Amino acid sequence: MMEQLKVIPFGGLGEIGKNMMLLEYDNTGIVIDCGIMFPREEHVGVDVIIPDFRYLKKNQKKLKAIFITHGHEDHIGGLPYLLKQINVPVYCSKLAKGLITNKLKEHGLKNKVTVNVIGAGDITQVGPFKAEFFSVAHSIPDAGGYIINTPVGNIVHTGDFKIDDNPIMQQFTDLDRLKEVGNEGVRLLLADSTYAEIPGHTQSEKIVEETLHKLISQSKNRIILSTFASLISRIQIAIDAAEKNDRKIFVTGTSMVNNVGMARQLGYLKIKADTIISKKEVNNIKPSKLLIICTGSQGEPNAVLTRMAKGIHQIIDIKKDDTIILSSNPVPGNEMSVASNINKLFRLGANVIYNKMENVHVRGHAAIDELSIVHKAVKPELFAGIHGEMRHLFLHKKLAIKNGVKKDNAFVLENGDILEITKDKSILLKNKIDSDYIFIDGKGIGDIDEEVLIDRNELSKDGVVVCRINYNYKNKELKETNIFSFGVIKDDLIDDFHNKIIDNIENYFNKLNSERFIDIDEDKISDNISLFISKDIRRRPLVLALLVK
Ligand SMILES: [Zn+2]
Ligand SMILES: [Zn+2]
């Protein structure tokens with residue numbers, strides 16, 4: 001049989017998050033990225049979601065390396081969970097290593113895993129694969145993609161990217177290298193689809209620089225700026241603008257403090273030694289000479305900006321005329337909490353500026369024109385979109401066909417699909433590999449499934465009613481009944497509500513007693529009570545009837 005390359009996505013296709021891709025040839029497998037996904041509303045109580053590692057675990061002898069494109073959570077967050085099960089070397093850029101090392105520490109894996117630093121142009125040979133890292137522009141420094149030479153041809157994996165002609169930290173997407181490899185011949189292009197529905201060209205970070213410099217130089221008041229803790233280039237812009245206007249900077253929020261500290265240490269952030277001030281000094285500095293950089297741009301419940309908006313921050317009270325800049329975009333799912341923070345901050349008298357008003361944020365992913373530039377540079381024979389929901393993957397496929405990929409050679413892959421590529425053929429197999437959502441809640445990994453989530457959803461809708469029924473079988477006598485309810489009705493109506501349920505239970509037993517055969521069953525009693533409550537108040541709480549005999 002002819003040897004074939006298997007391309008198997010385990011995450012990020014048909015969803016935004018938990019990106020992970022396996023390339024397998026003969027007895028060697030390499031993984032690209034291993035991210036987490038943040039839970040959606042229906043994932044009640046879930047902390048994070050990771051990819052399904054069962055196939056990798058079963059084939060762990062084959063797995064030889066993990067290549068990371070960049071340090072965002074949806075690309076590195078799942079690593080500790082995978083490395084706990086399978087210990088393989090990781091290859092990544094310097095900044096990504098800093099972020100990964102923090103994670104490994106948290107999970108007690110610090111000295112147990114090898115993390116190798118690679119830079120643009122470096123080639124790593126793993127069995128039949130030669131993986132070359134190339135730089136891309138994205139919303140975190142040191143981001144890249146991979147050109148992977150395999151026995152069936154070159155594969156290009158873009159990672160997350162945009163094309164920025166004026167990047168703040170000189171991080172360009174290496175189109176020259178992509179053109180070069182395109183001329184050599186590329187078998188398969190796997191490209192970021194996040195913004196495959198957005199026409200035109202994503203704006204440059206330069207625009208944000210101009211806006212932030214303008215806002216910071218014009219303000220006569222205290223400025224509080226909130227952004228993603230990993231958006232190092234944005235933090236650099238804020239630092240430059242503050243220093244230019246003689247403002248001191250106070251950095252606050254755990255992830256912001258950690259990332260700024262690490263980025264300074266590794267040389268990514270340039271900041272004068274006396275610019276940063278401590279907690280003690282923050283309230284002694286003239287408001288016009290202060291910039292606070294903090295977490296909370298996504299409305300996270302415990303983050304600094306959220307606590308300020310609620311008026312419960314330990315040291316900073318929002319004052320009238322404070323200028324607050326949200327240099328970010330709400331990630332889908334966070335829109336409501338972000339809007340709620342903005343409303344609260346306005347009510348406290350602050351002057352809030354967010355991305356609908358001014359260019360205080362630009363996106364980090366390529367729009368249609370940039371995707372086309374990459375398609376035309378790489379000129380792949382085969383194409384599959386990665387990193388996107390279904391609609392993004394379909395639109396990206398259409399675009400690739402428009403840009404020259406043959407119709408039968410453009411694929412929409414889903415998690416668990418197997419794309420087999422030989423020297424002269426490619427085929428999307430009919431069978432799939434298991435790739436479920438693995439939910440993490442507290443210490444539990446994978447001990448929650450869809451059924452548990454259905455129960456949690458039910459519980460969260462109309463509450464719970466528990467009825468403890470004391471029944472004497474011998475005398476056919478109903479003794480005491482106690483009702484407890486949670487989340488069904490407010491306190492001053494609760495006695496009345498419980499009494500009605502007790503009446504209903506008594507009627508039910510009286511009816512039973514008048515019949516010849518008594519068949520008392522907790523489920524039937526529960527159903528009867530549910531029916532009564534639904535008729536009475538049109539609610540469907542979870543009802544548990546417990547018979548005490
Ligand atoms: Zn990213
Ligand atoms: Zn991403």
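Since this is a predicted model, take the numbers as computed values, not measurements.

Chemist: Explain the overall build of the protein to me, and be specific about the residues and the numbers.
Modeler: Regarding its fold elements, the protein presents 15 helices and 26 strands. Within the protein, the proportion of its 549 residues that are buried is 53%. The contacts in the protein between residues at least 6 apart in sequence include a share of 70% that link residues at least 24 apart. A total accessible area of about 25,900 Å² is found for the protein, and carbon and sulfur atoms account for 49% of it. Each charge sign in the protein was given a centre, from 73 positive and 72 negative side chains, and these centres are 3 Å apart.

Chemist: Please give an account of the packing of aromatic side chains that cites residues and values.
Modeler: Inspection of every chain in the model, using the stated rule, returns seven aromatic pairs. For the pair Y471 and F509, a centre-to-centre distance of 4.9 Å together with 40° between the ring planes defines the contact as tilted. In this pair, Y471 sits in strand 24 (residues 464-472) while F509 sits in helix 14 (residues 491-514), placing the two residues 38 residues apart along the sequence. What makes F509 buried here is its relative accessible area of 1%. Cluster of aromatic residues (ring-pair linked, three or more members): F67, Y91, F133 and Y146. Here the guanidinium or amino end of R363 rests over the ring plane of Y195, the centre of that ring lying 4.9 Å away.

Chemist: Give me the coordination of the zinc ion (ligand 2): which residues, what numbers.
Modeler: Taken together, D74 (OD), H75 (NE2) and D160 (OD) make up the full set of protein donors to the zinc ion (ligand 2), lying 2.0 to 2.2 Å away. Sequence spacing among the residues donating to the zinc ion (ligand 2) works out to D-H-x84-D. If you look at the zinc ion (ligand 2) and the zinc ion (ligand 1), they sit 3.3 Å from each other and are both ligated by D160. With a gap of 85 residues between them, H75 in helix 2 (residues 73-76) and D160 in the loop between strand 11 (153-157) and helix 5 (175-184) connect regions that are remote in the sequence. Given a relative accessible area of 0%, H75 falls into the buried group. For D160, a relative accessible area of 3% corresponds to the buried category.

Chemist: Give me the lowdown on the packing of helix 5 against helix 11 (residues 368-378), citing residues and values where you can.
Modeler: Contact geometry for helix 5 and helix 11: axes closest at 7 Å, N-to-C directions at 40°. The angle between the axes of helix 5 and helix 11 places the two elements in the oblique class. Every residue of helix 11 that contacts helix 5 at L175, L178, K179 and G182 is listed here: I373, V374, A377 and V378. Class assignment for the residues of the contact of helix 5 with helix 11 results in six nonpolar, one polar and one charged.

Chemist: Describe the packing of helix 6 (residues 205-218) against helix 7 (residues 232-244), naming the residues involved and giving the relevant values.
Modeler: Two numbers describe how helix 6 lies on helix 7: the axes approach to 9 Å, and their chain directions differ by 35°. The handedness of the crossing between helix 6 and helix 7 comes out as right-handed. In this structure, helix 6 contributes E205, V208, E209, L212, H213 and I216 to the contact, and helix 7 contributes S233, R234, I237, A238, D240, A241, A242 and K244. Residues belonging to the contact of helix 6 with helix 7 are distributed by class as follows: seven nonpolar, two polar and five charged.

Chemist: Talk me through the pattern of salt bridges; I want residue IDs and the actual numbers.
Modeler: For the structure shown, the criterion picks out 25 salt bridges. Close ionic contact of E184 with R177 constitutes a salt bridge, the shortest N to O distance being 3.9 Å. For E184, a relative accessible area of 56% translates into the label exposed. What makes R177 buried here is its relative accessible area of 17%. Salt-bridge contacts for E205 lead to R234; the nearest nitrogen and oxygen are separated by 2.6 Å. In this pair, E205 sits in helix 6 while R234 sits in helix 7, placing the two residues 29 residues apart along the sequence. Judged by its relative accessible area of 7%, E205 falls in the buried class. Exposure remark for R234: the relative accessible area of 0% places this residue in the buried category. Through salt bridges that share partners, D52, R54, D434 and D436 make up one connected network.

Chemist: Can you tell me about the nonpolar core, naming the residues and giving the values?
Modeler: With 91 residues, the main nonpolar core has I66, I68, L79, L83, V90, I100 and V156 as its most contacted residues. For this core, the leading source of residues is helix 7, giving seven residues. Residues from two domains meet in this core; each of domain 1 (5-200 + 363-444) and domain 2 (205-353) gives at least three. In this structure, V156 is in contact with F134, Y146, I147, L178, V181, V186, L188, L189, L190 and V378, ignoring residues within four places of it in sequence.

Chemist: Residues and numbers for the sheet that holds strand 14 (residues 248-252), please.
Modeler: Reading across from one edge, 14-15-13-16-17 is the order of the five strands in this open sheet, with parallel pairing throughout. Of all strands in the sheet, those bounded by a partner on one side alone are strand 14 and strand 17 (351-353). Put simply, the sheet's adjacent strands are angled 20° from each other on average, direction ignored. Of the pairings in the sheet, the one linking strand 14 to strand 15 (residues 290-294) comprises five bridges and is parallel in character. Residue F250 lies in a different strand from strand 15, and its bridge partner there is I292. Those strands touched by helix 7 are strand 13 (223-226), strand 14 and strand 15, and its axis lies near 170° from that of strand 15.

Chemist: Give me the lowdown on the environment of V156, citing residues and values where you can.
Modeler: Relative to the helices and strands, V156 resides in strand 11. The spatial distance from the C-alpha of V156 to the C-alpha of R187 is 8.3 Å, given a sequence separation of 31 residues.

Rules and cut-offs
Residues numbered from 1 in each chain as written. Chains lettered and ligands numbered in written order. Predicted model: local features only at pLDDT ≥ 70, side-chain atom pairs only at ≥ 80, totals over all residues. Heavy atoms only, no water. Helix = DSSP H or I, 4+ residues; strand = E, 2+ residues; numbered from the N terminus. Buried < 20%, exposed > 50% of the residue type's maximum accessible area, 1.4 Å probe, protein only. Contact = heavy atoms within 4.5 Å. Areas by Shrake-Rupley, 256 points an atom, 1.4 Å probe, with all protein chains shown as cover. Lys, Arg positive; Asp, Glu negative; His and termini not counted. Charge placed at Lys NZ, Arg CZ, Asp CG, Glu CD. Phe/Tyr/Trp six-rings, centres within 6.5 Å; stacked < 30°, edge-to-face > 60°. Lys NZ or Arg CZ within 6 Å of the ring centre and 35° of its normal. Donors = N, O, S within 2.8 Å, 3.2 Å for Na, K, Ca; no water. Axes fitted to C-alpha atoms, helices over the stretch in contact; angles between N-to-C directions. Parallel < 35°, antiparallel > 145°, perpendicular 65-115°, else oblique. Nonpolar A, V, L, I, M, F, W, Y, C, P; charged D, E, K, R; others polar. Left-handed = near helix turned anticlockwise from the far one by under 90°. Salt bridge = Lys/Arg side-chain N within 4 Å of Asp/Glu carboxyl O. Core = buried A, V, L, I, M, F, W, Y, C linked by side-chain atoms within 4.5 Å. Domains from an automatic or database assignment. Pairing = 2+ DSSP bridges.

Honestly, it's all geometry; don't read function into it.
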